[in-house]
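# Summary of the model geometry
In case you want the letters, here they are:
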Amino acid sequence: MDRERLAELLSTAPGDVAASASEALAAGATFKLWPGASTAAEFRSVFRRRQRNALRAGQPSIGFAEGLRDLGAYEGVFLALGYVDDRPQGGYYFQLFLTPDLSRLITGFG
């Protein structure tokens, strides 16, 4: 997936995380989509732990509660994972969850 296609997906997705990731991408933040897909259940488990760790550490974050809710509501089996990294500019590292065919952003958090 190229930058323009990811920007399109982010611009049409609802929520603050998609808007912030879209702005970061437009400003030149790096991005990557990992090849292949993993199960939504695996992602839910991993990112519940990450949310707890972030809260415990007092690490600023956005969208964790909504992202976990969206992951729980997702009816598919597999998801693709990507990121937009705006940390060098003082922003967030946005985790993005997409359908395996990369046609839709399911959720994300930073």
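Refer to the preceding data block for the structure.
Residues numbered from 1 in each chain as written. Predicted model: local features only at pLDDT ≥ 70, side-chain atom pairs only at ≥ 80, totals over all residues. Heavy atoms only, no water.

## Focus on the side chain of Asp85
Summarising the element assignment, Asp85 is placed in strand S3 (residues 78-85). Judged by its relative accessible area of 12%, Asp85 falls in the buried class. (Helix = DSSP H or I, 4+ residues; strand = E, 2+ residues; numbered from the N terminus. Buried < 20%, exposed > 50% of the residue type's maximum accessible area, 1.4 Å probe, protein only.)

## Some points on the layout of surface pockets
For the largest pocket, the calculated volume is near 300 Å³. As for the largest pocket, its lining consists of 15 residues, and the residues nearest its centre are Gln59, Pro60, Phe64, Tyr93 and Gly110. Looking at the lining of the largest pocket, the elements with two or more residues in it are helix H3 (40-57) and strand S4 (93-98). For the lining of the largest pocket, the leading source of residues is H3, giving four residues. Reported here for the second largest pocket is a volume of approximately 260 Å³. Those elements that place two or more of their residues in the lining of the second largest pocket are helix H2 (16-26), helix H4 (64-73) and strand S5 (105-109). Ranked by residue count, the leading element in the lining of the second largest pocket is S5, at four residues. When the residues that make up the lining of the second largest pocket are grouped by side-chain class, the tally is eight nonpolar, four polar and four charged. (1 Å grid on protein atoms, 1.4 Å probe; cavity = no way out; pocket = protein on both sides within 12 Å on 5 of 7 lines; lining within 4 Å. Points joined across faces, edges and corners; volume = space filled by probe spheres on them. Nonpolar A, V, L, I, M, F, W, Y, C, P; charged D, E, K, R; others polar.)

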